[in-house]
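Listed below, chain by chain, are the residues.
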Amino acid sequence: MRIQLYSLPILSLVLGLGSAPLLSQVSALPHLEKRGAATQFIVDGKPYLMLAGELSNSASSSLEAMKLVWPRLAAMGLNTVLTPVSWELIEPTEGSYDFALVDGLLEQARAQHLHIVFLWLASWKNGMSSYPPVWVKRDTRRFPRVIIGGNEVEVLSPAAAVTQQADGRAFAALMKHIKEVDSSAHTVLAMQVENEVGVLGDSRDRSEAANKDFAAPVPSVLTAYLQAQRDSLDPELHALWEANGAKAAGTWTELFGPTARADELFMAWRYARFVHGVAAQGKAAYNLPMYVHTWLAEDNAKPADYPSGGPQPRVLDVWKAAGSALDIYAPDLYASDFSGWSNRYHRDSNPLFIPETNSGAAGAANVFYAVGEQNVLCFSPFAIERSRDEKGDLTASYNAIAKLAPLVLDRQQTAGATHGFVLDKNHPQVDFTMSGYTVHVTLDEIFGHSAQSGYGLIVSTGPDEFLGAGKGFRVSFTPLAAGAPKVGINAVDEGEFVDGKWLPGMRLNGDENDQGRGWRFSSWQVSTEKVTLYRFE
Ligand code: DGJ
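Since this is a predicted model, take the numbers as computed values, not measurements.

Criteria and cut-off values
Residues numbered from 1 in each chain as written. Predicted model: local features only at pLDDT ≥ 70, side-chain atom pairs only at ≥ 80, totals over all residues. Heavy atoms only, no water. Helix = DSSP H or I, 4+ residues; strand = E, 2+ residues; numbered from the N terminus. Buried < 20%, exposed > 50% of the residue type's maximum accessible area, 1.4 Å probe, protein only. Contact = heavy atoms within 4.5 Å. Lys, Arg positive; Asp, Glu negative; His and termini not counted. Charge placed at Lys NZ, Arg CZ, Asp CG, Glu CD. Near = heavy atom within 4 Å. Polar contact = N/O pair within 3.5 Å; in protein donor to acceptor, adjacent residues only side chain to side chain. Areas by Shrake-Rupley, 256 points an atom, 1.4 Å probe, with all protein chains shown as cover. 1 Å grid on protein atoms, 1.4 Å probe; cavity = no way out; pocket = protein on both sides within 12 Å on 5 of 7 lines; lining within 4 Å. Sits in = over half its atoms within 2 Å of the grid points. Nonpolar A, V, L, I, M, F, W, Y, C, P; charged D, E, K, R; others polar. Salt bridge = Lys/Arg side-chain N within 4 Å of Asp/Glu carboxyl O. Expected span 1.5 Å × (residues − 1). Pairing = 2+ DSSP bridges. Axes fitted to C-alpha atoms, helices over the stretch in contact; angles between N-to-C directions. Points joined across faces, edges and corners; volume = space filled by probe spheres on them.

**Student:** Teacher, can you tell me more about the overall build of the chain here?
**Tutor:** A tally of regular secondary structure across the chain gives 15 helices and 25 strands. Across its three principal directions, the C-alpha atoms of the chain cover 80 × 60 × 45 Å. Counting across all 537 residues of the chain, residues that qualify as buried make up 56%. Restricting to contacts in the chain with at least 6 residues of sequence separation, those with at least 24 account for 73%. Distance between charge centres in the chain, computed from 45 positive and 59 negative side chains, equals 2 Å.

As structure tokens, this is what we get:
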């Protein structure tokens, strides 16, 4: 993770200015920065939350088709669009680049005040190699492929240096071009490198070259990492290594046992070296944050059922040992255990970034949890242009969160000052501590009617004061700090932030706060409310 700072004298030299420029003229690139308790995405000097959506794979290959899409995405409350750009379309002939599509997409996005994260669909997409240009696909001697079950499959081998150089050269050309056309506008915020890498159909490549490498000692960079990071390794990897004697050197099976788990670690090393290499070539041209993402393994799935070698939590240490050009390892989070997978990816060294997830009601709920509980950098339902949600649940959530974003991003910097939750009949309540209180959140219930689902976030905004947003839940408080033992609701105000200022609307008393017995968010719409409390004997 890096922090970019330009010193004023150096910048003034670069700009050819006689005196140091005003701070407002200093425009660091979009980057990640640790601010207090949170790692945040910084754009033009301020923390930025990507309320995003990812286009389906082919949508952005036609500027004509995209003309109609951008205004709808803006109307849905998105501020960022994850937009595919493929190797085949920018380098149709070797060494000759065509960036007309990239330029057109930038122009269209800017017209709607939208930011872009480009997805580099190149050597691999969902494990396969459908996106390289045809001069790569047809030259199987120069660009070798993976062998599975004795057959060459249409998957480029991650061990081939020549493929990595060709892919990296094209990616670097793309980054150089983005720098030329966008380094002052910052429309492009980050890059995804490749797409869900890994081998499908077998746990590893069975080519002669792969068999030879698999029988050779594990690279010393990786064994040194295992020893240096012994206490912070992923628990599954740590257990596997320990179970095989925690050796300091040896072959893949000597270190990790004679099972598909060793194959998966071996493939992870190969893909990681390749992808870090491509990312590094791109960063050398234009240094934007870069991530890879993962087709998550379902319970009991074997490496082969999901792409073997992709950055699953249990092989993340291998990816990290393999290089430092990738800033984030991200899950494609379609699984029902949204919080469990979020916790597995969100670590001190890895902020949570969700490039693909469900849209609709599930997305509308999960975004509150991801922002409030996990400090997510990017929340991005897939195939967003097909979701037709302009008046739907996701749009309501995005609109509410967008207004709160400056406050929430500021409070995320203090540990425990924001919380998010999703409730349903199976998980009807959650408790957390915040600002001197235990906060009890339950599904809303009034006059015998109970909500079927609820979601929201709560931010502590001052002594005895909280701000919340969401729907279908109610909140009560138990004091933790010394003082009068009971807590009452002083006032609940519905309202909104306009230009960073809280503008109260209705005073919510009566049924809206259950006659003073609870802070309620009814089920019929997403609302934003502030509560102040008082203590009494
Ligand atoms: C994950 C991939 O990364 C996407 O490109 C797309 O294929 C989706 N799966 C489909 O659900």
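Having seen the model, we can carry on.
**Student:** Just to check I follow, could you spell out the site of the ligand for this structure?
**Tutor:** As a structural note, the neighbourhood of the ligand is formed by N57, K125, N126, N195, E196, H293, D332, E356 and F382. Residue N126 places a side-chain N or O atom 3.3 Å away from an oxygen atom belonging to the ligand. Alone, the ligand offers 290 Å² of accessible surface; in the complex the protein occludes 74% of this. Judged by the fraction of its atoms near the pocket grid, the ligand is located in the second largest pocket. Its residues placed into classes, the shell around the ligand shows one nonpolar, four polar and four charged.

**Student:** Hey, could you run me through the side chain of K125 in this one?
**Tutor:** Examined against the element boundaries, K125 turns out to sit in strand β6 (residues 115–125). One buried charged residue, K125, remains without a salt bridge, the closest side chain of opposite sign being E196 at 6.0 Å. At 3.2 Å, the side chain of K125 and the side chain of N57 are in polar contact. Setting aside chain neighbours within four positions, we find K125 in contact with N57, S130, Y131, N195 and E196.

**Student:** Please explain helix α15 (residues 393–411) as it appears in this structure.
**Tutor:** Every α-helix winds through 3.6 residues per turn, so residues three or four apart in the chain are directed the same way. Taking 1.5 Å as the rise per residue, α15 with 19 residues should run 27 Å; its terminal C-alpha atoms sit 25 Å apart, in good agreement. Residues of α15 that are buried include every one of L394, T395, S397, Y398, A400, I401, L404, A405, L407, V408 and L409, and no others.

**Student:** Looking at this structure, I do not really get the side chain of S342. What am I missing?
**Tutor:** In this structure, S342 sits in helix α13 (residues 338–345). In this structure, S342 is in contact with L333, L352, Y369 and Q374, ignoring residues within four places of it in sequence.

**Student:** Help me understand the sheet that holds strand β25 (residues 527–536) in this model?
**Tutor:** Backbone hydrogen bonds are what pair the strands of a sheet, in a parallel or an antiparallel way. One open sheet accounts for six strands, arranged β14-β19-β20-β25-β22-β23; its pairing is antiparallel. Looking along the sheet, the strands with just one partner apiece sit at the ends: β14 (418–424) and β23 (501–507). Strand-to-strand twist across the sheet, computed as the mean angle between neighbouring axes with direction ignored, equals 35°. As paired elements, strand β19 (residues 453–462) and strand β20 (residues 465–471) share seven bridges and run antiparallel to each other. Its bridge partner being in β20, S460 is matched across the sheet by F466. Helix-sheet contacts for helix α14 (residues 360–374) involve β14, β19 and β20, and the interaxial angle to β14 is about 150°. Sheet strands touched by α15: β14, β19, β20, β22 (486–498) and β25. Its angle to β19, the strand with the most contacts, is close to 20°.

**Student:** How do you make sense of the sheet that holds strand β10 (residues 290–294) when you look at a structure like this?
**Tutor:** Sheet architecture is closed into a barrel: eight strands sit in the order β4-β5-β6-β9-β10-β11-β12-β13, paired in parallel fashion. Direction aside, the axes of adjacent strands within the sheet are offset by 30° on average. Of the strands in this sheet, β6, β9 (188–195), β10 and β11 (328–333) are in contact with helix α11 (residues 260–285), which crosses β9 at around 150°. α14 contacts β4 (50–54), β12 (354–357) and β13 (378–381) of the sheet and is inclined by roughly 170° relative to β13.

**Student:** Looking at this structure, I do not really get the layout of surface pockets. What am I missing?
**Tutor:** Rolled over the atoms, a probe as big as a water molecule pinpoints where empty space is left. Counted as a void, the largest pocket has a volume near 710 Å³. Lining of the largest pocket is provided by 29 residues; of these, A365, N366, V422, L423 and D424 occupy positions nearest its centre. Of all elements in the fold, only α13, α14, β14, β15 (429–434) and β19 reach the threshold of two or more residues within the lining of the largest pocket. Here the lining of the largest pocket gets six residues from one element, more than from any other, and that element is α14. By residue class, the composition of the lining of the largest pocket is 13 nonpolar, 11 polar and five charged. One number sums up the size of the second largest pocket: a volume of about 490 Å³.

**Student:** What is the right way to read the pattern of salt bridges from this model?
**Tutor:** Any two side chains of opposite charge can pair, so long as their charged atoms come close to each other. Considering all chains together, one arrives at 28 salt bridges under this definition. Salt-bridge contacts for D202 lead to R206; the nearest nitrogen and oxygen are separated by 3.1 Å. Look at D202 and you get buried, because its relative accessible area is 16%. A salt bridge links E496 to K403; the nearest nitrogen and oxygen atoms lie 3.0 Å apart. Note that E496 is positioned in strand β22 and K403 in helix α15, a separation of 93 residues in sequence. One salt-bridge network, held together by shared partners, links E236, R261, E264, R314 and R344.

**Student:** Could you clarify how one ought to interpret the environment of W120 in this entry?
**Tutor:** Within the element layout of this structure, W120 appears in strand β6. Classification of W120 as buried rests on a relative accessible area of 0%. For the pair formed by W120 and L89, sequence separation is 31 residues and the distance between their alpha carbons is 11 Å. Not counting residues within four places of it along the chain, the set of residues in contact with W120 comprises V85, S86, W87, I90, D167, A170, F171, L174, Q192, V193, E194 and V278.

**Student:** Looking at this structure, how should I read unusual backbone geometry?
**Tutor:** Positive phi is not limited to glycine here, since N126 has a value of about 50°. Taking relative accessible area as the criterion, N126 reaches 25% and is therefore assigned partly exposed. Not every positive phi belongs to a glycine, and N375 is a case in point at roughly 50°. Note that N375 resides in the loop between α14 and β13. For N375, a relative accessible area of 15% gives the class buried.

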